[in-house]
Amino acid sequence: MKSEAAEEGPLPCTRVHGQITMDSMPPVTCPSCGADRDWLILLDDPIEIHCRCGRHWRDTRIPLSAFPPHAFEIEDDTIRYANTDEAGQAMGFYLHRSQHA
């Protein structure tokens, strides 16, 4: 899955250490490994969530506006990377393109 932002320039990404929940929505959970925290988020519309197991998916339930700096225990302010692979490598995520929802 290629982010449309990749064609427009550097990708804005962030890492979320804790759970991601919105109002009445249950916490985001990886459909492959069941993890419920520690995410790499591509700040695109819709957002793209990456799990450490390599699974990634677009989540239309969570608005891009939910990710201002310092939300959800964000490690640093938004960082821009040249592509998804660079972001994953910098943040210690295993990224492979064969698994996505």
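Refer to the preceding data block for the structure.
Bear in mind the structure is a predicted one, so any value in this text is a computation, not a measurement. (Residues numbered from 1 in each chain as written. Predicted model: local features only at pLDDT ≥ 70, side-chain atom pairs only at ≥ 80, totals over all residues. Heavy atoms only, no water.)

Counting secondary structure elements, the protein contains 2 helices and 5 strands. What you see in the protein, going N to C, is helices and strands ordered as α-β-β-β-β-β-α. Of the contacts made within the protein by residues no fewer than 6 positions apart, 58% connect residues no fewer than 24 positions apart. A total accessible area of about 5300 Å² is found for the protein, and carbon and sulfur atoms account for 47% of it. (Helix = DSSP H or I, 4+ residues; strand = E, 2+ residues; numbered from the N terminus. Contact = heavy atoms within 4.5 Å. Areas by Shrake-Rupley, 256 points an atom, 1.4 Å probe, with all protein chains shown as cover.)

Attention now goes to the packing of aromatic side chains. Considering all chains together, one arrives at 1 aromatic pair under this definition. Plain terms: the ring middles of Trp39 and Trp57 are 5.8 Å apart, the flat faces sit at 85° to each other, and that makes the pair edge-to-face. Here the residue Trp39 occupies a position in strand β2 (residues 39–42), and Trp57 occupies one in strand β4 (residues 56–59), the gap between them amounting to 18 residues. For the residue pair Trp39 and Trp57, the accessibility class agrees, reading buried in each case. (Phe/Tyr/Trp six-rings, centres within 6.5 Å; stacked < 30°, edge-to-face > 60°. Buried < 20%, exposed > 50% of the residue type's maximum accessible area, 1.4 Å probe, protein only.)

The next thing to look at is the state of the cysteines. Evaluation of the coordinates by the stated rule reveals 0 disulfides. Just so you know, Cys33 is unpaired, no disulfide at all, and the nearest cysteine sulfur is the one on Cys51, 3.6 Å from it. (Disulfide = S-S within 2.5 Å.)

So, about the pattern of salt bridges. Overall, the coordinates contain 6 salt bridges when judged by the stated rule. For Arg37, the salt bridge identified is with Asp36, shortest N-O distance 3.2 Å. Arg58 is the partner of Asp44 in a salt bridge, and the nearest nitrogen-oxygen pair spans 3.4 Å. Of this pair, Asp44 sits in the loop between β2 and β3 (47–50) while Arg58 sits in strand β4, and the two are 14 residues apart along the sequence. (Salt bridge = Lys/Arg side-chain N within 4 Å of Asp/Glu carboxyl O.)

Moving on, we come to the pairing of β2. Covered by surrounding structure in β2 are Trp39 and Ile41 together with Leu40 and Leu42, the residues of both alternating faces. In this structure, strand β1 (residues 11–16) lies alongside β2, joined through 4 bridges in antiparallel fashion. Its bridge partner lying in β2, Val16 is registered against Trp39. Looking at chain direction, β2 and β3 are connected through 3 bridges and run antiparallel. Within the sheet, the bridge partner assigned to Ile41 lies in β3 and is Ile49. Between β2 and β3, which pair antiparallel and follow one another directly, the connecting turn spans 4 residues. (Pairing = 2+ DSSP bridges.)

Take the environment of Thr21 next. Structurally, the position occupied by Thr21 is in the loop between β1 and β2. When the C-alpha atoms of Thr21 and Ile62 are compared, they prove to be 8.7 Å apart, with 41 residues separating the residues in sequence.

This brings us to helix α2 (residues 84–91). Among all positions in α2, only Thr84, Ala87, Gly88 and Met91 are buried. For α2, the angular spread of the buried residues around the axis is 95°, confining them to a single face. Facing away from the buried side of α2 by over 90 degrees, the exposed positions are Gln89 and Ala90. Positioned one or two residues after α2, Gly92 has a phi angle of 75°, which is positive. (Arc of directions from axis to C-beta.)

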